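The lines below spell out each chain.
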Amino acid sequence: MDMTNVATEMTDAAPHLPSHGHSQAAGEPKFVTRGVTVHYGEKQALFGIDLDINTNEVTALIGPSGCGKSTYLRCLNRMNDTIPICRVGGSIELDGENILAKEVDVVHLRARVGMVFQKPNPFPKSIYENVCYGPRIHGIASGKDDLDEIVERSLERAGLWKEVKDRLMEPGTGLSGGQQQRLCIARAIAVDPEVILMDEPCSALDPIATAKIEELIDELRENYTIVIVTHSMQQAARVSQRTAFFHLGDLIEHGDTDQIFTKPKNEKTQDYITGRFG
Amino acid sequence: MQTFTLACVLLVLTYFGFRMGRGRALGLVGGKATRLHSLPGYYGYYVALWCGIPAFLMVAAWLTLEPTVLTMLTTSSLPADVQSLSKNELGLVLNDIRNLASGSAARANVSPDIVAAAERYATMRHLGFAAMAVVALAVAVAGLTFARTRVTPDMRARNRVEQTVRVILIASSTIAILTTVGIVLSLLFESLRFFEKIPATDFLFGLEWSPQTALRKDQVGSSGLFGAIPLFAGTLLISFIAMCVAAPVGLLSAIYMSEYAHSRVRAVAKPMLEVLAGIPTVVYGFFAALTVAPFFRDTGDLFGLSISSESALAAGVVMGVMIIPFVSSLSDDVINAVPQAMREGSYGLGATQSETIRRVILPAALPGIVGGLLLAVSRAIGETMIVVMAAGLAANLTANPFEAVTTVTVQIVTLLVGDQEFDSAKTLAAFALGLVLFCVTLALNVVALTVVNKYREQYE
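From a predicted model like this one, the values you see are computed outputs, not experimental measurements. (Residues numbered from 1 in each chain as written. Chains lettered and ligands numbered in written order. Predicted model: local features only at pLDDT ≥ 70, side-chain atom pairs only at ≥ 80, totals over all residues. Heavy atoms only, no water.)

### Focus: the overall build of chain A
To keep it simple, the criterion reads: Helix and strand labels come from DSSP, where a helix needs a run of H or I of at least four residues and a strand needs a run of E of at least two; each type is numbered from the N terminus. Partly exposed describes any residue whose relative accessible area lies between the buried limit of under 20% and the exposed limit of over 50%, with all areas from a 1.4 Å probe on protein chains only and scaled to the type maximum. Throughout, a residue-residue contact means that at least one pair of heavy atoms, one from each residue, lies within 4.5 Å. Using a 1.4 Å probe, accessible areas were evaluated by the Shrake-Rupley method; residue-level cover was limited to the displayed protein chains.
Looking only at helices and strands, chain A has 11 helices and 10 strands in total. A total of 278 residues make up chain A; the buried ones form 53% of that total. Of the contacts made within chain A by residues no fewer than 6 positions apart, 68% connect residues no fewer than 24 positions apart. Looking at chain A as shown, the accessible area adds up to about 12100 Å², and 49% of this sits on carbon and sulfur atoms.

### Here we look at the nonpolar core
Test applied: We define the nonpolar core as a collection of buried residues of types Ala, Val, Leu, Ile, Met, Phe, Trp, Tyr and Cys that are connected through side-chain atoms lying within 4.5 Å of one another.
Core analysis: the largest hydrophobic core is formed by 53 residues, its most contacted members being B:Phe194, B:Trp209, B:Ile238, B:Met319, B:Ile323 and B:Leu433. Only helix 8 (229-260), helix 10 (281-302), helix 11 (312-337), helix 13 (353-382), helix 14 (385-390), helix 15 (408-416) and helix 16 (425-456) of chain B provide two or more residues apiece to this core. The greatest single-element share of this core, amounting to 11 residues, is contributed by helix 11 of chain B. Other than its neighbours up to four places away in sequence, B:Ile323 contacts B:Ala242, B:Ala246, B:Ala376 and B:Ala380. Judged by nonpolar contacts, the second largest core, of 42 residues, contains A:Ile62, A:Tyr128, A:Met198 and A:Ala209.

### Points about the sheet that holds strand 4 (residues 86-94) of chain A
Residues and elements named next belong to chain A. Put simply, the rule reads: A pair of strands is considered paired only if DSSP assigns at least 2 bridges between the two.
Reading across the sheet, the 4 strands line up as 2-1-4-5 and stay open at both edges, with antiparallel pairing between neighbours. Each of the sheet's edge strands pairs with one partner strand only, and the pair in question is strand 2 (43-54) and strand 5 (97-98). Pairing between strand 1 (residues 29-40) and strand 4: 8 bridges, direction antiparallel. Bridging from a neighbouring strand, Phe31 pairs with Leu94 of strand 4.

### Here we look at the pattern of salt bridges
Counted only if it meets this: The rule for a salt bridge is simple: a side-chain nitrogen of Lys or Arg has to be within 4 Å of a carboxyl oxygen of Asp or Glu.
For the structure shown, the criterion picks out 22 salt bridges over all chains. Here A:Lys30 makes a salt bridge to A:Asp95, at a shortest N to O gap of 3.2 Å. With a gap of 65 residues between them, A:Lys30 in strand 1 and A:Asp95 in the loop between strand 4 and strand 5 connect regions that are remote in the sequence. Taking the relative accessible area as the measure of exposure, A:Asp95 reaches 45% and is therefore partly exposed. Note that B:Asp298 is salt-bridged to B:Arg297, the shortest N-O span being 3.5 Å. With relative accessibility at 39%, the residue B:Asp298 sits in the partly exposed group. One salt-bridge network, in which partners are shared between bridges, spans A:Lys30, A:Asp95, A:Glu97, A:Arg112 and A:Glu194.

### Observations regarding the interface of chain A and chain B
A common measure of how large an interface is: the accessible area buried when the components associate. Put simply, the test is: Buried area: the sum, over both parts, of the accessible surface (1.4 Å probe) that disappears when the two are put together. The definition of a polar contact used here is a pair of N or O atoms within 3.5 Å, where within protein one atom must be able to donate a hydrogen and the other to accept one, and adjacent residues in sequence count solely through side-chain atom pairs.
Facing the 21 residues of chain A at the interface are 19 residues of chain B. Summed over both partners, the interface of chain A with chain B buries about 1600 Å², with 64% contributed by carbon and sulfur atoms. If you sort the residues of chain A by the area they bury against chain B, A:Pro124, A:Tyr133 and A:Ile137 come out on top, with a joint share of 31%. Put simply, chain A and chain B have 1 salt bridge between them. Of the charged contacts, one joins B:Glu344 and A:Arg74 as a salt bridge, the two residues approaching to 3.0 Å between their closest N and O atoms. Summed over the shared surface of chain A and chain B, the result is 5 residue pairs in polar contact (both at pLDDT 80 or more). Counting residues per element, the ones that place at least two in the side of chain A that touches chain B are helix 3 (106-112), strand 6 (113-116), helix 4 (127-138) and helix 7 (177-189) of chain A. Among the elements that line the side of chain A that touches chain B, the one with the most residues is helix 4 of chain A, at 4 residues.

### Some thoughts on helix 12 (residues 340-348) of chain B
Residue and element names in this part refer to chain B. Taken across its 9 residues, helix 12 has 7 buried, putting it largely inside the fold. Buried within helix 12 are the following residues: Met342, Arg343, Glu344, Gly345, Ser346, Tyr347 and Gly348. Downstream of helix 12 by a residue or two, Gly350 has a phi angle that is positive, lying close to 90 degrees.

### A look at the packing of aromatic side chains
Residue and element names in this part refer to chain B. This is how the line gets drawn: The aromatic pairing rule takes the rings of Phe, Tyr and Trp, using the six-membered ring of Trp, and pairs them if the centres are within 6.5 Å, calling planes under 30 degrees apart stacked, those over 60 edge-to-face and the rest tilted.
In total, this model carries 11 aromatic pairs over all chains according to the counting rule given. When the ring of Trp209 is compared with that of Phe226, the centres are 5.8 Å apart and the planes differ by 90 degrees; the resulting orientation is edge-to-face. Here Phe226 lies in strand 2 (residues 223-226) and Trp209 lies in strand 1 (residues 209-213), a separation of 17 residues in the sequence. Here the two residues Trp209 and Phe226 agree in accessibility, since each one is buried. An aromatic cluster is built from Phe194, Phe195, Phe203, Trp209 and Phe226, whose rings are joined through pairwise contacts.

### Here's the deal with the domain arrangement of chain B
What counts here: Just so you know, the domain bounds were taken from an automatic or database domain assignment.
The domain architecture assigned to chain B consists of domain 1 (2-155) and domain 2 (223-459). For domain 1 of chain B versus domain 2 of chain B, the separation of C-alpha centres amounts to 50 Å.

### Description of the confidence of the model for chain A
Residues and elements named next belong to chain A. The condition is simple: The score called pLDDT rates the predictor's confidence residue by residue, from a low of 0 to a high of 100.
Overall, the predicted model of chain A reaches an average pLDDT of 86, with 90% of residues at or above 70. Considering each helix and strand of chain A separately, the mean pLDDT is smallest for helix 1 (residues 2-13), with a value of 41, and largest for strand 8 (residues 225-229), with 95. Every residue in residues 1-26 is under pLDDT 50, and counting partners more than four places away or in other chains gives 33 contacts.

### Comments concerning the pairing of strand 4 of chain A
In this sheet, strand 5 of chain A lies alongside strand 4 of chain A in antiparallel orientation, the contact comprising 2 bridges. The residue of strand 5 of chain A that forms the bridge with A:Leu94 is A:Glu97.

### Description of the side chain of A:Asn80
Its location among the elements puts A:Asn80 in the loop between helix 2 (69-75) and strand 4. Aside from chain neighbours lying at most four places away, what touches A:Asn80 is A:Tyr40, A:Thr71, A:Arg74, A:Cys75, A:Cys86 and A:Val88.

### With respect to the sheet that holds strand 8 of chain A
Residue and element names in this part refer to chain A. Threshold: Axis angles are defined between N-to-C directions and span 0 to 180 degrees, where every axis is a line fitted to C-alpha atoms and, for a helix, only to the segment in contact.
Here 6 strands make up an open sheet; going across it, the order is 6-7-8-3-9-10 and the pairing mixed. The two strands at the open ends of the sheet, each matched to only one other strand, are strand 6 and strand 10 (250-256). Each neighbouring strand pair of the sheet contributes to a mean axis angle of 15 degrees, computed without reference to strand direction. Bridge count for strand 3 (residues 58-62) against strand 9 (residues 242-247) is 4 bridges, and the pairing is parallel. Bridge assignment links Leu61 to a residue of strand 9, and that residue is Ala244.

### Digging into the packing of helix 4 of chain A against helix 13 of chain B
The condition is simple: In this scheme the handedness of a crossing depends on how the near helix is turned from the far one: anticlockwise by less than a right angle means left-handed, clockwise means right-handed. Amino acids outside the nonpolar list (Ala, Val, Leu, Ile, Met, Phe, Trp, Tyr, Cys, Pro) and the charged list (Asp, Glu, Lys, Arg) are all regarded as polar, and Gly is one of them.
In contact at an axis separation of 12 Å, helix 4 of chain A and helix 13 of chain B are set at 145 degrees when each is read in the N-to-C sense. Considering only the axes of helix 4 of chain A and helix 13 of chain B, their crossing is right-handed. For the pair helix 4 of chain A and helix 13 of chain B, contact is made by A:Tyr133, A:Arg136 and A:Ile137 and by B:Glu355, B:Thr356, B:Arg359 and B:Val360, respectively. Across the contact of helix 4 of chain A with helix 13 of chain B, the residue classes tally to 3 nonpolar, 1 polar and 3 charged.

### Section: a nonpolar patch on the surface
In plain terms, the rule: Patch building starts from residues that exceed 30% relative accessible area and form no salt bridge, then joins like charges within 9 Å and nonpolar side chains (Val, Leu, Ile, Met, Phe, Trp, Tyr) within 5 Å.
On the surface, B:Ile177, B:Val181, B:Leu185, B:Leu188, B:Phe189 and B:Leu192 cluster together into a nonpolar patch covering about 530 Å² of accessible area. Its location among the elements puts B:Val181 in helix 6 (residues 157-197).

In structure tokens, the structure reads:
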């Protein structure tokens, strides 16, 4: 548990502390999901999930491995479409529009709902090209100056600008793991999404890089709705306002983070957060 | 036949040695295999190796030395006037003797000296073989007895056997490498002989290829010009046409197979594409000569173009078809080697499939694809059968794909087919062409493999 202690100290020392002492005023629901089911071939992975995700809040999805939290996350921008055997049922509404409908253009959906992955995956291109990849394919920038500005603003928001501003043309794969992950966040921010999905964004990082990402998540909350899958209960407690606990493809309990971590209603949640299983 | 029998006897003896070694090892410890240093089988192999290897080496040594020894002995027993004949004539006499000895030539019209020599030759051969067989069997038995006495429970039979296995493996790979070196050296020396007759600069930079050397002074059309530029140009032209077909079709089909195709389509289509690689080149050759070339010629007529019926176009296109599976499976491998995380990253940003392929996957896979294409080029340059059948023999120096051109490989074939003397400039030219071909393909392969390997390290 040494690593998490270090991480805790780092965040405690940081000025932007997640305020888990009081409950945040819940924003309007961004996502309303009802009865979401997922099948991989014959195997059912999610059994009817009802969950709301509020605007400008961090929602943490926790649970033991294989409980379906990543699967649920990947439903929110239809990344599961890339897996041929995967079928999604139920309804997922983003601002009142069902994104599972056939006529929804996933290109637009994914521009609104960005994603950051478990392992940093910068493209084998320069830092600059990595960030302007999204704006280019969506035709957001109107010219070179515009693009430069987007790159600078995105890197600035991802807290990476100071470190890389003199080497924008160097390959993104040459950065450290934590910097690569922040580059991936900058890449997601560059298309100006409304929601950012993060699938265990810190699991491949060291405690210091983790602390930086957590600090960043807390800053990003002002402008974006964030859903984060995490294996670290401390991380969920530190960065999120709301927490949902998944187990074996079911949503067991969800609510305000401090309620889940201090007075869980369900016994399984209690057992999981106290480390008795999982 | 006798040698075969001997080999069988030795093999039986070797097997017997295995049983004996194993039995003795077990016998020494009263059947408790755990008290042996190695598994009982290793003691068996140990004895078998001692029994078999020296004996087989003896046989092999005799079989290689036999002709030399026998020839020396026979020559020395021939009358002095025969011995003083020139080397070539002596060779003919010896050949007669050998044929007589093996009973494949008539005895009539042969001088008694030669008949006597042939009889001596036959006796010596029988005696020699019998002596060798006895010695080999003795060596086998001796090895077997020696190894059997060495078997003790503490002996490290496993280590000895493993060491021997290693030596055998090293010997095999040495043979493979030495053969390659031998071929290259023979190419090199024969080419040097060629360059003694024709200056290397004339060969490499000459613009006229007409390899018929005149037998008589007044012979027509036998200028003996060895300027290889038209051949190189023809080879390049046909390879270029082939790559124009194979590169786009192979690459695009690889993209379809690895990115778009449903797994069920892929399971059927990919093997079918690879069947193309299994078609013998001879079949491609007559397909090119009998179907594709006339088709191009007739199509050309329709448009008022004159296309030769042995056009570079037909040979190149068919060769390209032959290389498609090669390009496609190599590209498929490198495209699949691009991590899935790259695709997800791109899809997660809202890129479509073709944007992802164009902007992320192809740039990432490009070095590997280039490497694969270079390997394909070296295949095209070295390809023989298709061009022998479909491309012409006329060494035209032209860049027009509708005309007949000839290639390095075609010329090597025509230089060596038929009755030839093996020291004329004409036949030696084949070695020089082979050397050039070898150097070019080797260079291409080295560059291609370096590029491919460099790419492989990128994601590790």
